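Given next are the chains, with one letter for each unit.
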Amino acid sequence: MKAYFGRRYTISASHRLNADTLSVEENRAVYGKCNNAHGHGHNYVIEVLVGGEVNAATGMVVDLVALDRAVGERILDRFDHANLNLDPLFRDRVPTTENLCKAVFDLLRNALPEVELEHVRVEETENNFFECSTRG
Ligand code: NI
């Protein structure tokens, strides 16, 4: 039977929502205050859920140290205290939290061979969250 392990991480980052394909007026209409020229910040909470068989020797689904290292190197070092608009991943994509969630999922997808990355959830505010999963 498969078992799952989830862990939360936090980052602070800034972004400005502006689509190059839209006019100034359209961007203002679509994104509202999030289109303000100087951007704004969020304290994002990133939840990572991995699944796999419980290791018979350790009794664990995943090596926590290895998971923290992978998330640290691939996500936290990259995005914490960063301007998301300047990251190459968002050169052609608006740094919405939907796209941040997808980026986190793609960056972690093959990070840990012994488990499958099942689910990534990113909370942008206490009211908004976004999810990506292998379920489609
Ligand atoms: Ni925002």
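Colleague: Can you help me understand the coordination of the nickel ion in this one?
Modeller: By definition of the ideal shapes, four donors in a tetrahedron about a metal sit 109.5 degrees apart, and six donors in an octahedron sit 90 or 180 degrees apart. Of the protein atoms, only His15 (NE2), His40 (NE2) and His42 (NE2) coordinate the nickel ion, at distances of 2.0 to 2.1 Å. Sequence spacing of the donor residues for the nickel ion, all on one chain, is H-x24-H-x1-H. Pair noted here: His15 is in strand S1 (residues 2-15) and His42 is in strand S2 (residues 40-53), with a separation of 27 residues, a long-range link. Across this residue pair, the class does not change: His15 and His42 are buried.

Colleague: So what exactly am I meant to see when it comes to the layout of surface pockets here?
Modeller: Any empty space left between the atoms is revealed when a probe the size of a water molecule rolls over them. Each pocket or cavity is described by its volume, and for the largest pocket that value is around 160 Å³. Considering the residues around the largest pocket, the lining is formed by Asn18, Ala19, Asp20, Thr21, Asn85, Phe90, Arg91, Asp92, Arg93, Val94 and Pro95. Classifying every residue of the lining of the largest pocket gives 4 nonpolar, 3 polar and 4 charged.

Colleague: It is not clear to me how the environment of Asn55 should be interpreted in this structure. Could you clarify?
Modeller: By the element assignment, Asn55 lies in the loop between S2 and helix H2 (64-79). A residue is classified by how much of its surface remains accessible, and Asn55, at 36% relative accessible area, is partly exposed. Engagement of the side chain of Asn55 in a polar contact is seen with the backbone nitrogen of Thr58, the distance being 3.0 Å.

Colleague: Mind showing me how you'd approach helix H3 (residues 97-108) here?
Modeller: Residues spaced three or four apart along an α-helix face the same direction, because each turn holds 3.6 residues. The end-to-end C-alpha distance of H3, which contains 12 residues, comes to 16 Å, matching closely the 16 Å that a straight helix rising 1.5 Å per residue would cover. Among the residues of H3, those classed as buried are Thr97, Asn99, Leu100, Cys101, Ala103, Val104, Phe105 and Leu108. On its buried face, H3 sits against S1, S2, H2, strand S4 (116-123) and strand S5 (129-133).

Colleague: Where do I start with the sheet that holds strand S3 (residues 82-83) in this structure?
Modeller: If you walk across this open sheet you meet the 5 strands as S3-S1-S2-S4-S5, and the pairing is mixed. In the strand order of this sheet, the two ends are held by S3 and S5, each with one partner. In the sheet, S1 pairs with S2 via 14 bridges, with the strands oriented antiparallel. The partner of Tyr9 across the bridge, within S2, is Ile46.

Colleague: What am I meant to see in the state of the cysteines here?
Modeller: Covalent bonding between the sulfur atoms of two cysteines is what defines a disulfide. Here the structure, examined in full by the defined rule, presents 0 disulfides. Cys101 provides the cysteine sulfur closest to Cys34, a residue in no disulfide bond, and the two sulfurs are 17 Å apart. Free cysteine: Cys132, not disulfide-bonded; nearest cysteine sulfur from Cys101 at 3.4 Å. Note on Cys132: relative accessible area 15%, which makes it buried.

Rules behind the numbers
- Residues numbered from 1 in each chain as written.
- Predicted model: local features only at pLDDT ≥ 70, side-chain atom pairs only at ≥ 80, totals over all residues.
- Heavy atoms only, no water.
- Donors = N, O, S within 2.8 Å, 3.2 Å for Na, K, Ca; no water.
- Helix = DSSP H or I, 4+ residues; strand = E, 2+ residues; numbered from the N terminus.
- Buried < 20%, exposed > 50% of the residue type's maximum accessible area, 1.4 Å probe, protein only.
- 1 Å grid on protein atoms, 1.4 Å probe; cavity = no way out; pocket = protein on both sides within 12 Å on 5 of 7 lines; lining within 4 Å.
- Points joined across faces, edges and corners; volume = space filled by probe spheres on them.
- Nonpolar A, V, L, I, M, F, W, Y, C, P; charged D, E, K, R; others polar.
- Polar contact = N/O pair within 3.5 Å; in protein donor to acceptor, adjacent residues only side chain to side chain.
- Expected span 1.5 Å × (residues − 1).
- Contact = heavy atoms within 4.5 Å.
- Pairing = 2+ DSSP bridges.
- Disulfide = S-S within 2.5 Å.

Purely spatial values, then, with no claim about function.
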